[in-house]
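# Commentary on secondary and tertiary structure
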Amino acid sequence: MSICSTALVAKVVAKVVAKVVDKVSESGQVNEAHLEGRKVNQTVGGAKLQLYKTTCCTALAAAQEINWNMFGDQKPDRPEVQEPADVLQEKQSFHEPLSWRYPDPPAEEEPRFPPEFELKAPTAADSVSAVCGENSVRVEAKKDLLGIGKPVQAADVTLGGCPASGEDPEAQVLVFESELHRCGSQLLMSEDSFVYVFTLLYTPSPLGDSPIVRTRDVTVSIQCHYQRKHDVSSGLVKPTWTPFSIKKASEESLYFSLRLMTDDWQFSRPSAQLLLGDMMRFEVSVKQFHHTPLRVAVDSCVATVVPNIDTVPRYAFLGNNGCLFDSQVTGSSSQFLPRSQDDRLQFELEAFRFQQDDSGVIYITCSLRATAAAGAVDSTNKACSFSNGWREASGNHHTCSCCDTDCGTGSHLTGTDAQWEQEAAVGPITVKERPLR
């Protein structure tokens, strides 16, 4: 900016010049009284002009200093430029990591066993008697030959290949009569006697249309001793048997269980030994955890001699979405117990063996399923047993009407984070025979 172009600067300069001239005059540096003549005046005039120019700039600086002195430390007002306020911005984040996670599975429960548990001591079945005559033998065999409360089929029992010659319906006894040299008898001789040996043979037939049996082949040796004084005696041979089980647990979002229980249903059975004719008691359950109330069901069960359901022999004793066929096919007492809890189901299965397998070992594999307890019991969600007709464990007997046909597949619950169906196995179960005497 030019010094003389601004009115304010001009005024300030004029005042300063005046003061400077006065000070110069006082100091004697410029004195008009001593200046004479035109030259001197011109010189003085030129000097004033030069002085004016020289001091003009000096005056401006002095004016600023004077102005600042006049106003103290105050400086000319200047428009304040507001700096933009610092906006503290930061990316929103969690100062601590998330601590929530899916809940841990419940701790594995230790099985509770009864305080005092003892295996049943096998008791010999007193079911065969013989009377040796002078030239014949008469053998009587109870139809409950094995002493398990189940009558055998008369056609399955022979005396050396000879069928029963009679039957006492009231006493439930099969009668065999034979001459001493018939029905496969063997004659043995000693120094003082003759011994006629007969064999009472029981060969169980498969039950109904199934490939299973609940007894095993039994042979009873009958000996008639004849001395010269005709003393007669007879002897019997006695059989025996036993089973075992293990439990498989789910390790999914829902926790299914299939357990072999004690006779009073209070504990897991600590020893899995059973006798033919005993009831195998199974309890199926599902743990609720954080889910809404659930109802557990057994869709199907298969028995095999090895832990593989795709082997032969195999016996599908439960199927069609909860129909227990065993009692219908074999005439057993197998059944579902009345349901008392939605998340727990109990059923009894009469012990059995496969006809062509002498080991007596079986495995039970079941398909378990959970549905919402609020859902209705229908043809695909049921627990049916056969006893003079089909009966459902919850009392909804009409849902069992399809057990003799096809109950369909139904609609099963599904979930991305939960497994609603589980396969569970129990075994090996070793079924042995009950002793005779």
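Residues numbered from 1 in each chain as written. Predicted model: local features only at pLDDT ≥ 70, side-chain atom pairs only at ≥ 80, totals over all residues. Heavy atoms only, no water.

A tally of regular secondary structure across the chain gives three helices and 22 strands. When the 437 residues of the chain are sorted by exposure, 38% land in the buried category. In the chain, the share of contacts with a sequence separation of at least 24, taken over all contacts with a separation of at least 6, comes to 67%. In the structure as shown, the chain presents an accessible area of about 26,600 Å², 51% of it carried by carbon and sulfur atoms. (Helix = DSSP H or I, 4+ residues; strand = E, 2+ residues; numbered from the N terminus. Buried < 20%, exposed > 50% of the residue type's maximum accessible area, 1.4 Å probe, protein only. Contact = heavy atoms within 4.5 Å. Areas by Shrake-Rupley, 256 points an atom, 1.4 Å probe, with all protein chains shown as cover.)

The strand order across the open sheet built from four strands is β1-β2-β5-β4, with neighbouring strands paired in antiparallel fashion. Of all the strands in the sheet, the pair left with one neighbour each is β1 (128-132) and β4 (166-168). On average, each strand axis in the sheet is tilted by 20 degrees relative to the strand beside it, whichever way the strands run. (Pairing = 2+ DSSP bridges. Axes fitted to C-alpha atoms, helices over the stretch in contact; angles between N-to-C directions.)

What follows is about the packing of aromatic side chains. A complete count under the given rule lists eight aromatic pairs for this structure. Judged by centre distance (5.3 Å) and plane angle (70 degrees), the ring pair of Phe-386 and Trp-390 falls under edge-to-face. Overall, the relative accessible area of 27% leaves Phe-386 in the partly exposed class. Ring-pair connections join several aromatic residues into one group, and the members of that group are Tyr-315, Phe-317, Phe-352 and Phe-354. (Phe/Tyr/Trp six-rings, centres within 6.5 Å; stacked < 30°, edge-to-face > 60°.)

The alternating pattern of strand β2 (residues 136-142) places Val-137, Val-139 and Ala-141 on a buried face, while none of Ser-136, Arg-138, Glu-140 and Lys-142, on the opposite face, is buried. With five bridges joining them, β1 and β2 adopt antiparallel strand pairing. Among the inter-strand pairings, Val-131 is bridged to a residue of β2, identified as Arg-138. The pairing of β2 with strand β5 (residues 173-179) spans seven bridges and is antiparallel. In the strand pairing of β5, Arg-138 is matched with Glu-177.

Relative to the assigned elements, Ser-210 resides in the loop between β7 (193-202) and β8 (212-213). For Ser-210, a relative accessible area of 8% puts it in the buried group. Excluding anything up to four places from it in sequence, Ser-210 contacts Tyr-315, Val-329 and Thr-330.

Turning to the nonpolar core, a few remarks are in order. Residues Met-280, Phe-282, Phe-317, Phe-352 and Ile-364 are the most contacted members of the largest nonpolar core, which totals 41 residues. Looking at this core, the elements with two or more residues in it are β10 (255-260), β12 (279-287), β13 (294-304), β14 (314-319), β17 (344-350), β19 (361-372) and β22 (421-432). Among residues more than four places away in sequence, those in contact with Met-280 are Leu-260, Leu-274, Phe-347, Glu-348, Leu-349, Glu-350, Ala-351, Phe-352, Ile-362 and Ile-429. Judged by nonpolar contacts, the second largest core, of 25 residues, contains Leu-180, Tyr-202, Val-218 and Ile-222. (Core = buried A, V, L, I, M, F, W, Y, C linked by side-chain atoms within 4.5 Å.)

In this fold, Val-157 is placed in strand β3 (residues 157-159). Remark: the alpha-carbon pair of Val-157 and Tyr-202, spanning 45 residues in sequence, is separated by 4.5 Å. Residue contacts for Val-157: discarding those within four places in its chain leaves Val-152, Pro-163, Ala-164, Leu-174, Phe-176, Leu-200, Leu-201 and Tyr-202.

Below, the discussion takes up the state of the cysteines. This structure, assessed with the given rule, holds six disulfides. Disulfide pairing is shown between Cys-132 and Cys-224; the S-S distance is 1.8 Å. Taking the sign of the S-S torsion, -75 degrees for the link of Cys-132 and Cys-224, the bridge is left-handed. Residue Cys-132 is located in strand β1, and its partner Cys-224 is located in strand β9 (residues 218-227); the two are separated by 92 residues in the primary sequence. (Disulfide = S-S within 2.5 Å.)

A few words on the pattern of salt bridges. Across all of its chains, the model carries 10 salt bridges by this definition. A salt bridge links Glu-140 to Arg-138, with the shortest nitrogen-to-oxygen separation between them at 3.1 Å. Salt bridges here are not isolated pairs; linked through shared partners, they connect Arg-138, Glu-140 and Glu-177. (Salt bridge = Lys/Arg side-chain N within 4 Å of Asp/Glu carboxyl O.)

Together, Leu-187, Met-189 and Phe-194 line one region of the surface with nonpolar side chains, adding up to about 320 Å² of accessible area. On the secondary structure map, Leu-187 appears in strand β6 (residues 186-189). (Patch = residues over 30% accessible without salt bridge, like charges linked within 9 Å, V, L, I, M, F, W, Y side chains within 5 Å.)

Inspection of the secondary structure puts Asp-406 in the loop between β21 (390-392) and β22. As a C-alpha pair, Asp-406 and Ser-379 span 27 residues in sequence and 9.5 Å in three-dimensional space.

Our focus in this paragraph is the sheet that holds strand β11 (residues 274-275). Strand pairing in a sheet relies on backbone hydrogen bonds. The paired strands run either parallel or antiparallel. If you walk across this open sheet you meet the eight strands as β11-β22-β19-β13-β14-β15-β20-β21, and the pairing is mixed. One side of each edge strand has no neighbouring strand; the edge strands of this open sheet are β11 and β21. The pairing of strand β20 (residues 384-386) with β21 spans three bridges and is classified as antiparallel. Paired with Ser-385 across the strands is Arg-391, a residue of β21.

Looking now at unusual backbone geometry. Put simply, Val-312 and Pro-313 share a cis peptide bond, and its omega is 5 degrees. Considering the arrangement of structural elements, one finds Pro-313 in the loop between β13 and β14. Gly-427 connects to Pro-428 through a cis peptide bond whose omega is 0 degrees. Phi is positive for Cys-183, which is not a glycine, with a value near 55 degrees. Judged by relative accessible area, Cys-183 falls into the buried class, the value being 10%. The backbone phi angle of Asn-388 is positive, close to 55 degrees, even though this residue is not glycine. Tracing the sequence through the fold places Asn-388 in the loop between β20 and β21. Since its relative accessible area comes to 76%, Asn-388 is described here as exposed.

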